[in-house]
Amino acid sequence: MIISTRGRYALRVMLDLAQQTTDRYVPLKEIANRQDISEKYLEIILKVLVKNHLLTGLRGKGGGYRLTKEPGEYTLGEILRLTEGSLAPVACVEESFGECSRRETCLSRPVWQKLDTLINDYLDGITLEDLIHSP
C-alpha cells in the first residue's frame with residue numbers, strides 16, 4: 001500500500017486547520033502557502049473533504065475552510081479512506097472485490113486479512129489531536 005499525494009496532502013490540510021486556534025475560515029491561499037501545495041490541487045482535495053462533511057467552506061470575503069468537528073474526532077483512517085479509497089494491502093480483502101474463486105483454498109489470504117485489520121485499526125486509533133500533541 002502506498003498513500004498518494006492526495007491522501008498525504010489531505011492529512012496535511014486537516015492538520016493545518018486543526019492547528020488554527022480560531023473559529024475563523026482559513027483562506028485556501030493561506031493553507032496552500034503554508035503547506036506548499038498548489039492551489040489548483042488543493043481545491044480538488046478540499047472539495048472532497050467538504051462534500052463528505054469533514055470541512056465546511058465559505059465563499060467570498062472572509063471565506064475559506066474550517067473543521068466541522070474537534071481535532072480529536074477525526075481519525076487518520078477516516079481521512080485516508082476518504083481520499084485514497086480502500087487501504088487494503090491486496091484487492092482480495094477489499095469489501096468491493098467480490099467473491100474470489102480461490103477464497104477457500106488460498107493459504108496467503110489470512111495474512112492479507114490480518115494486515116488489513118492491523119492497518120485500519122492502527123490508523124483509526126490516531127486522531128488529528130494525537131498528531132498535534134505528539135512529541
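This one's a predicted model, so the numbers in the text were calculated from it and none came from an experiment. (Residues numbered from 1 in each chain as written. Predicted model: local features only at pLDDT ≥ 70, side-chain atom pairs only at ≥ 80, totals over all residues. Heavy atoms only, no water.)

### Concerning the pairing of strand S1 (residues 55-58)
Across four bridges, S1 lies against strand S2 (residues 64-67) in antiparallel orientation. Bridge pairing in S2 places Thr56 opposite Arg66. The antiparallel hairpin formed by S1 and S2 contains five residues in its connecting segment, where Gly60 sits at a positive phi of about 90 degrees. (Pairing = 2+ DSSP bridges. Helix = DSSP H or I, 4+ residues; strand = E, 2+ residues; numbered from the N terminus.)

### Side note on helix H4 (residues 76-84)
Listed as buried for H4 are Leu76, Gly77, Ile79, Leu80 and Thr83. Looking straight down H4, one finds its buried side chains confined to an arc of 165 degrees; they lie on one side. Those residues of H4 hidden inside the fold are in contact with helix H1 (5-18), helix H3 (39-51), helix H5 (109-124) and helix H6 (128-132). Positive phi appears at Gly85, one or two residues downstream of H4, with a value of about 90 degrees. (Buried < 20%, exposed > 50% of the residue type's maximum accessible area, 1.4 Å probe, protein only. Arc of directions from axis to C-beta. Contact = heavy atoms within 4.5 Å.)

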